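Residues per chain, in single letters:
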Amino acid sequence: MNAIELRPIGTVHSAEKSTDRMSLQGCCAVIEIFPEYAAALEKINENSHLWVLCWFHEARRDVLATSPKRVNPDLPTYGVFALRTPSRPNPIALSLVRLDKVAENRLFVSGLDAVNGTAVLDIKPYYEHDIVFSPRTPEILPLDRQMRKKALEKEAFLHHRESCAGLRIAVRMAQVVQDRWGKLNDDELYVAVTGSACLADVIQGLTRARIANPPRFCFQPSGEIQRSAWRKNDKVISLTWLGDGNLGRMDALPDHELFRIEMS
Ligand SMILES: [Zn+2]
């Protein structure tokens, strides 16, 4: 095969300089587009989210199969095309970022997992039709509970777009279920929510459970109770929020002080 010539169109400016410390959720960064490509940014501010393709120069190119050890050392081996690992024959990184601000030839973004100095190869807008609401994915869950919580919070915020009380309660409910049953986007998992629309929306976003085809989700609005009932095969977990509205203490309290937990 002939070699392909790529020219970086910009560079990443980030406070994070080490690939080892880069959060799996990415961080805030500035993408500086080189002046000769600045005209390609016209109207880019009409987008809230962008796909950013970078070149991960530090990555290994001789690895074809590996396991996502950083996420969980107990996970099995996958081919690199079945993972998002930086190690791959062509270390092209694909990140979905939020575009926070455009200032001349600089893009202020969040959620970029590229360290300072990374070469940017291309930028494309993220469109509505990029969404696959209920994709089938392998069970690659972080071993660390805090890491799992961060991932749930990010997913919840991407879906719901505000860090409201409903989101915080929903994330914690989802965490209780995930601790016991693993992956939440599971064809066999059904969930019924009674409570605020925000609670229902976030739980739907986290489980990807649709109301129909197949019916895996239902919602009963209520101003008095916040409850979710989860069913998988013949097991049921029901979580009823006991909180008095003091969400500030939530992280310090164990699950059973936040919820009445019924299991069968
Ligand atoms: Zn909300």
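One can find the structure itself at the top, above this paragraph.
Residues numbered from 1 in each chain as written. Predicted model: local features only at pLDDT ≥ 70, side-chain atom pairs only at ≥ 80, totals over all residues.

(A) Inspection of the packing of helix 1 (residues 145–160) against helix 2 (residues 165–181) at higher detail. The N-to-C vectors of helix 1 and helix 2 enclose an angle of 135°; their axes lie 10 Å apart at closest approach. Between helix 1 and helix 2, the crossing angle belongs to the class labelled oblique. Crossing geometry of helix 1 relative to helix 2 is assigned as right-handed. Contacts between helix 1 and helix 2 involve R148, K149, L152, E153, A156 and H160 from the former and L167, A170, V171, A174, Q175 and Q178 from the latter. A per-class count over the contact of helix 1 with helix 2 returns six nonpolar, three polar and three charged. (Axes fitted to C-alpha atoms, helices over the stretch in contact; angles between N-to-C directions. Helix = DSSP H or I, 4+ residues; strand = E, 2+ residues; numbered from the N terminus. Parallel < 35°, antiparallel > 145°, perpendicular 65-115°, else oblique. Left-handed = near helix turned anticlockwise from the far one by under 90°. Contact = placed C-beta atoms within 7 Å. Nonpolar A, V, L, I, M, F, W, Y, C, P; charged D, E, K, R; others polar.)

(B) Just the sheet that holds strand 2 (residues 27–33), in detail. The strand order 1-2-7-6-3-8 describes a closed barrel built from six strands, whose pairing is antiparallel. Neighbour-to-neighbour, the strand axes of the sheet open up by a mean angle of 45°, direction not taken into account. Two elements, strand 2 and strand 7 (residues 106–112), share five bridges in a ladder whose sense is antiparallel. For E32, the partnering residue across the bridge sits in strand 7 and is R106. (Pairing = 2+ DSSP bridges.)

(C) Representation of unusual backbone geometry in the model. Put simply, N213 and P214 share a cis peptide bond, and its omega is -10°. Note that P214 resides in the loop between helix 3 (197–207) and strand 10 (217–221). For N213, which is not glycine, the phi dihedral falls at a positive 50°. Summarising the element assignment, N213 is placed in the loop between helix 3 and strand 10.

(D) Looking closely at the nonpolar core. Of all hydrophobic cores here, the largest spans 24 residues; its most connected members are A170, M173, A174, L199, V202, I203 and L206. Going through the elements one at a time, helix 2, strand 9 (189–195), helix 3 and strand 12 (235–241) are the ones with two or more residues in this core. For this core, the element with the highest residue contribution is helix 2, accounting for seven residues. The residues contacting I203, other than those within four sequence positions of it, are A170, M173, A174, V191, V193 and S228. Of all hydrophobic cores here, the second largest spans 19 residues; its members include A29, F56, L112 and V115. (Core = buried A, V, L, I, M, F, W, Y, C linked by C-beta atoms within 7 Å. Buried ≥ 20, exposed ≤ 12 C-beta atoms within 10 Å, placed from the backbone.)

(E) Looking closely at the pairing of strand 11 (residues 227–232). Here strand 9 runs beside strand 11; their pairing, made up of six bridges, is antiparallel. Bridge pairing links V193 to S228 in strand 11. Examined bridge by bridge, strand 11 and strand 12 share six bridges and lie antiparallel to one another. By the bridge assignment, R231 is partnered in strand 12 with V236. If you look at the hairpin formed by strand 11 and strand 12, you'll find two residues sitting between the two strands, and N233 has a positive phi there, around 55°.

(F) Structural view of the environment of G205. Inspection of the secondary structure assignment puts G205 in helix 3. Counting along the chain gives 50 residues from G205 to E155, while the straight-line C-alpha distance between them is 7.6 Å.

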